[in-house]
Amino acid sequence: MEKETVTLTIDGKTATVPKGTNVVDAAKSVGIEIPIFCYHEKMLRLGCCRMCLVEVEKMPKLMTACTIDATEGMVVKNDTPKVVKGRQGVLEFTLLNHPLDCPVCDKGGECPLQDNTFNYGAGDTRMEFKRFNNVKKKELSPVITLDRERCIACQRCTTYSEVIEGDQALVMHNRGFHNDIGTFNDQPYDTRFSGNVVDICPVGALTNSIFRFQARTWDLDNAKTLCAHCGCNCNIEFGARENELMRVVSRQNDAVDDGWICDKGRFGYEFVSSKNRILEPGIRKDGEMNVASLDEACDETVSKLKTIIEEHGPKSVGFIGSPFASNEELYLYQKLMRLGVGTNNIDHKSYDDTPGLPVAHYDFTDIESSDLTVLIASDPTEELPILDLRIKKAVTRLNRNLIVLNDQKTLMDKYASLSLRYNVGSDGVALAGLAGAIADSLKQGEAPKVEKLEKTTGIKPNSFKDFAEKMIAAKKVCVIYNPAALTGNSVAIVKNLLSVLNQKPEGECGAIPAAPATNALGAMDMGILPDFYPGGVSLSDDSKIKEVWGESAPTEKGFTTCEMFEKAASGDLKALVVFRSNPIVDFPGGDKIEEALKKVEFLVAHDMLHTETTALAHVVIPSVGPGFDEGTTTNIGGRVQYRRKGLKAESFPDWRVLAKLLSGFEIEAKYLDSFTVTAELAKKVSGYEEIRRGSIQKEGKTRPAQASVNGKTPEVTSPDSIDGFKLRVSEKLFAKDKILESESALAHHFSEPKAILNSVDAKKLGIKSGDRVKVSSGNRGLSVEAEVEDSCNPGAVVVSNAGDEYRVLALIQDHNATVQVSKE
Amino acid sequence: MFAFTKESEEKIETILAKYPEERKMSALLPFLTLTQRQEGWVSPEAMVEIGKRLDVSPAYVQSVCSFYTMYFQYPAGKYIIRFCHNISCYLNGSDSLLDYLSKKLNVEVGGTTDDKKFSLIKEECLAECSAAPVMRVNDDYHVNLTKESIDKIIDSLK
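Residues numbered from 1 in each chain as written. Chains lettered and ligands numbered in written order. Predicted model: local features only at pLDDT ≥ 70, side-chain atom pairs only at ≥ 80, totals over all residues.

## Some details on the overall build of chain B
What counts is decided by this rule: Under the DSSP-based scheme used, a helix requires at least four consecutive residues in state H or I and a strand at least two consecutive residues in state E, with every element numbered from the N terminus. Counting other C-beta atoms within 10 Å of each residue's C-beta, where C-beta atoms are placed from the backbone, gives the exposure class: buried for 20 or more, exposed for 12 or fewer, partly exposed between. The contact criterion used is a C-beta to C-beta distance within 7 Å, with each C-beta placed from the backbone.
Broken down by element type, chain B carries 7 helices and 4 strands. When the helices and strands of chain B are listed from N to C terminus, the series reads α-α-α-α-β-α-α-β-β-β-α. Dimensions along the principal axes, computed over C-alpha positions, put chain B at roughly 50 × 30 × 25 Å. The proportion of buried residues among the 158 residues of chain B is 27%. Here the contacts in chain B between residues at least 6 apart in sequence split such that 56% fall between residues at least 24 apart.

Put into C-alpha cells, the structure is as follows:
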C-alpha cells in the first residue's frame, strides 16, 4: 500500500514526506534542524515549549513546527530574522529561572537546552532579578531524582507516562508558575519503564539517582551494545568510566525497542560488579575447592571427560546450555559436545520446544502492521517488557486489536477486545479446541480431536468460535506464544494451530515464539537441543548432518534436561557440563535435580555467578557474561544483533575457554575474536549465512524463518484430575534472583511471593486476602500471603516467582504441578 | 473513607449522561465540583474514587484539581470567604477591609478558623467592579462592603 505524500519547501529545499508528517520531521528528512524541547517523535505533539517556531508563507504569525502538518506546496522558512528573534525570545523566557549549574549537571554535554541556547539563544538576558529557587533533590523513586529548579515544564515526561506507559502515573501538578512534576500524593514513581524519562528529559531535571554526580558524560566510554536481560534484546549504550559501569541509556532501534528500555535494562546491571561473581577457576580436590589456572581447569575437564567417555561411552556425558548466552558460545559448546564428546545429550530448557514455524516468523514491527495480535500464555509485562510497550502502542495508538488466551490474568487483558482464560494445565486441550474451531470455520485443515472441551478448559465452545472467527477475519494476524509457559506437547499443538490458520483464504499470518530468556531462540538455532542440529536440522536428516558435520557426527537422539537428571540420579549419566544455568533453582522440581547433581561423578559448572549448582561442581570455570562478553544474540523476532563488550574482563572470554576445550578434544579452534566464530557459524548454521560483522550493524539482521518439520497432527492428552491445586508459577520482572541482588537499585520492587487464589476456592477453604497460607507439595512447603483474586480459574493457585530464596519452582514435583493449599 | 452520597449519585447519573461513554473523562470537573459541594474539599480518597469512575489515574485527577485554585485539597471552613483585592476593590479600600475581617475572624489571609467555620481567601477579580469592594461567601456575592456591612454579614452566618 503506497502512502500518500506531500511536497513542501523548507529553506529552499524540497522535501517529499508521507501525509501527516509534521514540519519538524519533514525538515529533518532533508537535513534541516528545527530546535525542539517538548516534541518527541514517538509521542504526541504538544506545542507547549514554543522552541520550534518557524515562519510559514501565508500564515501571519510564527508557527510551532511540531504541531503543524506538512501540506502540499507549503513554504517554510527556518532562518529569517523574525524566526531568529522569536526563538531568542522563547529561550530567554525558558531560561528565566533555569539555574546556571551546568558545570555540575548530569545532563551537561548532552543537554538540548545547552545546545539550543548555544545555537539559537541570545547572548545575554535582560532579567534583572534573582532566579526563583526551588527544591534541588526530590526523589521521585529510589532510582529517579528530580531537580525542580532545572525543569522547563516541557511535559515530555508526563506525556511519556500517559502515552507510552499508559498509566498516567507522572503528572504536572499546579500547572502555572508553581508547576511541579509529581505523582499522586507523592507516591514513588516506580513503574517498569520509569527510567526512560531520564533519557527524554531535555534538561537535567530528571536524573538517574545512581549516575547522579558520578561522572561527566563526555568522560564515559560508551559501548553500543544490547541488553542481556530478556528476549527483546533492546539496544543500549553501556557507559563506563575507568572500567566501571556508570550508567545505561537507551539506543534507539525502531525495529526492536522503539527507543525505550525497561528499568531492569537500565538499572539492573549491578551484577557486573557483584561480590558473587566467579573470578577464578576452581578444581575440587577431596571435597575442597582449590583455585586453579584456566589451563589447569580446562585440562582437568578434558582429561576427566575423556576418561569417562572411554569407560562409559559418550552417552554418559551431558550438557546443559544457557538461553542467556551468545550464539557463538552456544555454537562452540554444541560443537564440543557433538564432535568432541560425541553425544546429543544437549539441552537448555525444561519445557518442550522445537525449532521452526509453519508460518512466517514475525518481528516486532509486524505487531504494528498486524490488524490482530493474539497473545497465548504470555505475560509480556513481566517477561518481555518491550513487547508489552509494542502491543500497547499497536492497540492504543494504531487502533489494532488484541485478543488473549491465557491461564492467568495479566495486565494485557485491559487492552484486549477478547480475553479467554483456560484452566491451568489444560493448555493443550484449549489450543486444540481453538485449532478445531478455526478448522471448522475454514472448513479445512486438521486439528487434534478433543473431548469435553468446556469441562476441561473452562471455556465455552462458543467463545472459542468467537476467538477463531476474529483470527480468521483479520487481514494480518500475529500470534505471540510463550513456549516456556506451555505444558506437555502444547508447542506442537500451537504449531498445528498456526498451520491450520495459515490455510485461511485471505490475508496473512505469522508468529513470534516469545520465550522470556535473552537468547532462547538463538539457543534453539544453535542446536542446543537433543534432537536437532543447528539451523533446525532434524536428526533424521542424516545426509545433511554428515555433509555439514562430518561422518562421526552422532545421530542418535540425546537426552532432554529432564532425562539427563533422571539418568544422573540412576547413575547412568556420569558427567555433566552446565553452562550459565542454575537448574536447581530455575528448573521445576529443584530438589530432585540437586540430588541428581550430587550423584554425578564429574560436574563442570561454567558460570558467571556463584549458584546452588556451582557449589556442587567439581570444576568451576568463570564465564565473563554480559557487560564483558561479546557475540551475537537472536531476539524473539529472529533479529540477530551484536552484543559488544562495555568493560574489560580480567578473565578470558567464553569463546577462548571453549577454544581451549575444543583443542583438548583435538578439534581445530583457531579463533581470533568472537567474529571468527560468527564467520564459522554462518557457514554451518542454515539461516545464519548472512550474519557477519558488517550485516548486523545498526538495526541488526533478521534471520530467515525456519520451516517447521513436524507434519503430523499431534495428539492431545487431557490433564489428569488431581487431588489438590495446580500450581501456576508466574514470572516477575524484578525478582530477587542472582542477577538482581538485595543491594540492587531495584530492590524496592522486590516483594514476597503471593498465593493468588480464585474466589471460589478461597471461599471453600475459608481464606481471605491477607491470610497466611501454606503451599506445599511433598517435603516442600512455602508460607505465603494469600490474595483472593480471580487471576486463574478455580482449581489452581498462582504463585509469583519472586526470588531464588523462595524456591517456588521446587514446589513442582510431578508433571501436573500438584500442590496443597492450607490456611496457617 | 470517601463515598458519594445518595443525592450525589443521582447527580452523577445526570452528569455522565452528558458525555459519550468513551469521553467520560470530560466529566472530571463536574465530578470535582460535586465532591467539593458534598465534602467541602477534595480528599485523596475522593480522587481515587473519581479516577475509578472516569477511567483516569488518581494522579491525573490530582493534577487537574491542583490547576483550579477554587478546589480545596485540604479541609476548608464551612464558609469560604473570597475577598477581592484587584484594582477596583483596592481603590475602594479593600486592603483595609480585608485586614479588618482578618482581625475580626482572628485568622490569617489564606487560613481557616480553628472552629473550621471560616476560610478567608484573597481572590483576584470577582467581576463585580461596579459595586466594589466585593467579597463572596460560598455562592453569595456581597457588594459595596463597609466595616459595618461586614460585621452584619459575619454575624448572620451561623
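Picking up after the structure, the text goes on.
## So, helix α4 (residues 58-67) of chain B
With 9 of its 10 residues buried, α4 of chain B lies for the most part within the structure. Among all positions of α4 of chain B, only P58, A59, Y60, V61, Q62, S63, V64, C65 and S66 of chain B are buried. Buried residues in α4 of chain B make contact with β8 (171-173) of chain A together with α2 (28-39) and α3 (44-54) of chain B.

## Observations concerning the pairing of strand β23 (residues 508-513) of chain A
All names here are of chain A. Worth spelling out the cut-off: Only strands joined by at least two bridges in the DSSP assignment are considered to pair. The path from the first strand over the helix to the second decides the hand: if it runs clockwise while the strands point away from the viewer, the crossover is right-handed.
Taking burial as the measure, the 6 residues of β23 include 5 buried ones, the bulk of the element. Where strand β18 (residues 360-361) meets β23, 2 bridges bridge the pair, whose relative direction is parallel. Paired with H361 across the bridge in β23 is A511. The pairing of strand β22 (residues 476-481) with β23 spans 6 bridges and is classified as parallel. The partner of I480 across the bridge, within β23, is I512. Regarding the hand of the β-α-β motif, the stretch spanning β22, helix α15 (residues 490-501) and β23 is right-handed.

## Notes on the domain arrangement of chain A
To keep it simple, the criterion reads: Where each domain begins and ends is defined by an automated method or by a domain database.
Structurally, chain A comprises domain 1 (5-94), domain 2 (316-349 + 520-702), domain 3 (362-513) and domain 4 (725-823). Each of domain 1 of chain A and domain 4 of chain A has a C-alpha centre, and these two points are 54 Å apart.

## Some remarks on unusual backbone geometry
Residue and element names in this part refer to chain B. Residues A132 and P133 are joined by a peptide bond in cis, for which omega reads -5 degrees. Tracing the backbone shows P133 in the loop between β2 (118-123) and β3 (135-137). A positive phi is found at N106, a non-glycine position, where the angle reads about 55 degrees. Within the secondary structure, N106 sits in the loop between α6 (94-105) and β2. C-beta crowding within 10 Å serves as the criterion here: with 10 such atoms nearby, N106 is assigned to the exposed category.

## Focus on the interface of chain B and chain A
Heads up, the rule is: For this scheme, ten residues count as nonpolar: Ala, Val, Leu, Ile, Met, Phe, Trp, Tyr, Cys and Pro. Four count as charged, namely Asp, Glu, Lys and Arg, and the remainder, Gly too, count as polar.
At the junction of the two partners, chain B supplies 10 residues and chain A supplies 11 residues. Considering every element that reaches the side of chain B that touches chain A, the biggest residue donor is α4 of chain B, with 7 residues. Split into classes, the residues belonging to the side of chain B that touches chain A amount to 6 nonpolar, 4 polar and no charged.

## Brief notes about the sheet that holds strand β4 (residues 63-64) of chain A
Residue and element names in this part refer to chain A. Quick reminder of the rule: As a rule, the C-alpha atoms of each element are fitted with a line to give its axis, helices using only the stretch in contact, and angles between N-to-C directions run from 0 to 180 degrees.
Strand order across the open sheet formed by 5 strands is β2-β1-β5-β3-β4, with mixed pairing between neighbours. Whereas interior strands pair on both sides, the edge strands pair on one side only; in this sheet they are β2 (13-18) and β4. Here 2 bridges tie strand β3 (residues 53-56) to strand β5 (residues 75-77), and the two strands are oriented antiparallel to one another. The residue of β5 that forms the bridge with E55 is K77. Those strands touched by helix α2 (residues 81-94) are β3 and β5, and its axis lies near 155 degrees from that of β3.

## Thoughts on helix α12 (residues 427-442) of chain A
Residue and element names in this part refer to chain A. Convention followed: Expected helix span is given by 1.5 Å per residue-to-residue step, counting one fewer step than there are residues.
Over its 16 residues, α12 runs 22 Å from end to end, which matches the ideal 22 Å to within 8%, given 1.5 Å per residue. With 12 of 16 residues buried, α12 lies mostly within the body of the structure. All of the buried residues along α12 are D427, G428, V429, A430, L431, A432, G433, L434, A435, G436, A437 and I438. Where α12 is buried, its residues touch β20 (401-406), α13 (453-457), α14 (461-473) and α15. At the C-terminal side of α12, K443 shows a positive phi close to 60 degrees.

## A few points about the packing of α6 of chain B against helix α7 (residues 147-156) of chain B
What describes two packed helices is the angle between their axes and the distance between those same axes. All names here are of chain B. Heads up, the condition is: Crossing handedness is read from the near helix: turned anticlockwise from the far helix by less than a right angle, it gives a left-handed crossing, and turned clockwise, a right-handed one.
With their axes 10 Å apart at the nearest point, α6 and α7 run at an angle of 35 degrees to one another. Read as a crossing pair, α6 and α7 show a hand that is right-handed. The residues of α7 that touch α6, namely those facing L97, Y100, L101 and K104, are K147, I150 and I154. For the contact of α6 with α7, the residue count by class is 5 nonpolar, no polar and 2 charged.

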